[in-house]
Amino acid sequence: MLPTAPKITIGLPIRQGEAFLRKAVDSILAQTFEDFELVICDNASTDATPTLCADFARRDSRVRVFRSDRNLGAAPNFNVALREARGTYFRWHAHDDLVLPTHLERCNEVLDSRPEVVLCHTRVEVIDAAGEHLYYYRYGPRTDSPLPRRRFRDLLFVRNHCYEVFGLIRTAVLRETGWMGAFPVGDRVLLSELAFRGRFHEIQEPLFLSRDHEHRSVRVHVSQQERASWFDSRYEGRITLPEWRTLAEYWKAIRRAPLSRADRLACELYMLDWIRHYRKRMRHDVAVAAAGLGTRLVHHALRPPRRDPMESSS
C-alpha cells in the first residue's frame, strides 16, 4: 500500500550548495506543521551535496532525494521537484534560504480558508551569508487585487524581486501554468500566470529569510545571455534573444489563462506598453545575436578545409 500523500510538498532544487544546505533543511524540518514532504533535486553536484542529501533522507522519512547525473540547468531542476510533488500545496525553497518554524502553518491556514487565494507568501527578511539581518523587503505589486488585469499589470511593470515564487501555492493551479520557464525571467512570467488564476495573500510577518551573498546566481551570471544558459544548460554557447523570448512567453501565458474577454484585451494592451518600455533591450538582443552570428561565420570561413579522405597523403 502506498503511503498517504502529504498535505504539502516542499521542492528544494540544488547544485553545488553544500555551504548553506544543512541550515536550510534544518529550518524546513523544524516546521510546526509536520504533514509535508521535502523533495530535494540535486542537479549533478560534485561537492558534498549528495552526501548531505543522503544523510537527510536517512534521518527523516519525509525527505525524498532525486539526482541528475548531468547539469540540467536551474529551471528544469525546479520543475523536477514540481513533477514529483504529491502534496495539495507546493512551495519551492532555495538551498541558501531559511524559514521560521510557523511558516508552513500560517500559509496553510490561509489557503485552507480562502479558496480565491492561489498563493500565500510572507514578508521577507533579507540576511547575509552569516545569517545577519540586512533589511526587510517590501513588496510592490498589488497581487491581492480582485482584478486579474491589475494583478498582471503590477507584476509586469512594478519593480519586484519575485520572492513570491517561494510562497505556498495550490499544486493543481501551478500545474495549469507553463511551470518554471527556462529563461531569465521565468519566475516573473510564472507569477503572472498564477495571478491570472487567483489572488496572492501576504502574511505581515517575516517568516521567510532570503540569503544575499556573493555566490547568488544574479551576482555570478550578470548578463541576460549568461543567465539564459544558467537557467537551461542547453543554451550554453548558443545565440539567445532573452527579451524576445520573454515577450513570446507572456503572450502564451495570456492565451492559456482563463480570462474574461475584457481582461484578456486589457492584458494584451499592457503587453504593447511592455514592448514600448523594453524596445531598447529588444534591439540590444538583436545586435548581440547578430554579432555572435557574425563571429561564428568568420570562424567558419577561416577554418582550414577538411581533407578529402580519398586524397593521397603523399
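Model, not experiment: these values are computed from the prediction.

### A word on the pairing of strand 7 (residues 133–137)
Sheet analysis places strand 6 (residues 117–127) next to strand 7, joined by four bridges and oriented antiparallel. Across the sheet, Val-126 pairs through a bridge with Tyr-135, a residue of strand 7. The loop that links strand 6 with its antiparallel partner strand 7 comprises five residues; one of these, Gly-131, has a positive phi angle of about 90°.

### Some words on the side chain of Glu-125
Here Glu-125 is to be found in strand 6. Within the buried set, Glu-125 has no salt-bridge partner at all; the shortest N-O distance to an opposite charge, 9.1 Å, is to Arg-123. For Glu-125, the contacting residues outside a window of four places in its chain are His-133, Tyr-135, Tyr-136, Pro-206, Phe-208, Leu-209 and Ser-210.

### Here we look at the packing of helix 5 (residues 148–157) against helix 7 (residues 186–197)
Angle between the axes and distance between the axes are the two parameters that describe a pair of packed helices. Direction vectors running N to C along helix 5 and helix 7 enclose 170°, while the axes themselves pass 9 Å from each other. Here helix 7 runs roughly antiparallel to helix 5, going by the angle between their axes. Contacts between helix 5 and helix 7 involve Pro-148, Arg-151, Phe-152 and Leu-155 from the former and Arg-188, Leu-191, Ser-192, Ala-195 and Phe-196 from the latter. Residue composition of the contact of helix 5 with helix 7, by class: six nonpolar, one polar and two charged.

### Side note on the nonpolar core
Core analysis: the largest hydrophobic core is formed by 60 residues, its most contacted members being Ile-40, Trp-92 and Leu-194. Tallying contributions element by element places strand 6 first for this core, with six residues. For Ile-40, the residues in contact, after removing those within four places along its chain, are Leu-12, Ile-14, Val-25, Cys-53, Phe-56, Val-63, Arg-64, Val-65 and Phe-66. Val-189, Leu-247, Tyr-250 and Trp-274 belong to the second largest nonpolar core, which has 18 residues in total.

### As for the layout of surface pockets
Of the pockets and cavities examined, the second largest pocket occupies roughly 190 Å³. For the second largest pocket, the full set of lining residues is His-121, Tyr-139, Gly-140, Pro-141, Arg-142, Thr-143, Asp-144, Glu-164, Phe-200, His-201, Glu-202 and Gln-204. Looking at which element gives the most residues to the lining of the second largest pocket, the answer is strand 9 (residues 199–211), with four residues. For the lining of the second largest pocket, the class distribution of residues is three nonpolar, five polar and four charged.

### A closer look at a nonpolar patch on the surface
A contiguous nonpolar patch, built from Leu-241, Trp-244 and Val-286 and spanning about 250 Å² of accessible area, is present on the exposed surface. Position of Val-286 relative to the elements: it lies in helix 12 (residues 279–302). Accessibility expressed as a relative area gives 43% for Val-286, which makes it partly exposed.

### Re the environment of His-213
On the secondary structure map, His-213 appears in the loop between strand 9 and helix 8 (217–220). Overall, the relative accessible area of 8% leaves His-213 in the buried class. Spatially, the C-alpha atom of His-213 lies 9.0 Å from that of Ala-130, the residues being 83 residues apart in sequence. A polar side-chain atom of His-213 sits 2.7 Å from a polar atom in the side chain of Asp-96.

### Examining the packing of aromatic side chains
Enumeration according to the criterion identifies ten aromatic pairs in this entry. Ring centres of Trp-274 and Tyr-278 lie 4.8 Å apart, and the angle between their planes is 40°; on these two criteria the pair is classed as tilted. Each member of the pair, Trp-274 together with Tyr-278, is buried. What links up through ring pairs into an aromatic cluster is the set Tyr-137, Tyr-139, Tyr-163, Phe-166 and Phe-208. When the ring centre of Tyr-270 is taken as origin, the NZ or CZ atom of Arg-153, which lies over that ring, is 6.0 Å away.

### Concerning the pairing of strand 3 (residues 63–68)
Across six bridges, the pairing between strand 2 (residues 36–43) and strand 3 is parallel. Along strand 3, the bridge assignment pairs Asn-43 with Ser-68. Crossover handedness for the path strand 2 to helix 2 (residues 49–59) to strand 3: right-handed.

Thresholds, definitions, all that
Residues numbered from 1 in each chain as written. Predicted model: local features only at pLDDT ≥ 70, side-chain atom pairs only at ≥ 80, totals over all residues. Heavy atoms only, no water. Pairing = 2+ DSSP bridges. Helix = DSSP H or I, 4+ residues; strand = E, 2+ residues; numbered from the N terminus. Buried < 20%, exposed > 50% of the residue type's maximum accessible area, 1.4 Å probe, protein only. Lys, Arg positive; Asp, Glu negative; His and termini not counted. Salt bridge = Lys/Arg side-chain N within 4 Å of Asp/Glu carboxyl O. Contact = heavy atoms within 4.5 Å. Axes fitted to C-alpha atoms, helices over the stretch in contact; angles between N-to-C directions. Parallel < 35°, antiparallel > 145°, perpendicular 65-115°, else oblique. Nonpolar A, V, L, I, M, F, W, Y, C, P; charged D, E, K, R; others polar. Core = buried A, V, L, I, M, F, W, Y, C linked by side-chain atoms within 4.5 Å. 1 Å grid on protein atoms, 1.4 Å probe; cavity = no way out; pocket = protein on both sides within 12 Å on 5 of 7 lines; lining within 4 Å. Points joined across faces, edges and corners; volume = space filled by probe spheres on them. Patch = residues over 30% accessible without salt bridge, like charges linked within 9 Å, V, L, I, M, F, W, Y side chains within 5 Å. Areas by Shrake-Rupley, 256 points an atom, 1.4 Å probe, with all protein chains shown as cover. Polar contact = N/O pair within 3.5 Å; in protein donor to acceptor, adjacent residues only side chain to side chain. Phe/Tyr/Trp six-rings, centres within 6.5 Å; stacked < 30°, edge-to-face > 60°. Lys NZ or Arg CZ within 6 Å of the ring centre and 35° of its normal. Right-handed = clockwise from strand over helix to strand, strands pointing away.

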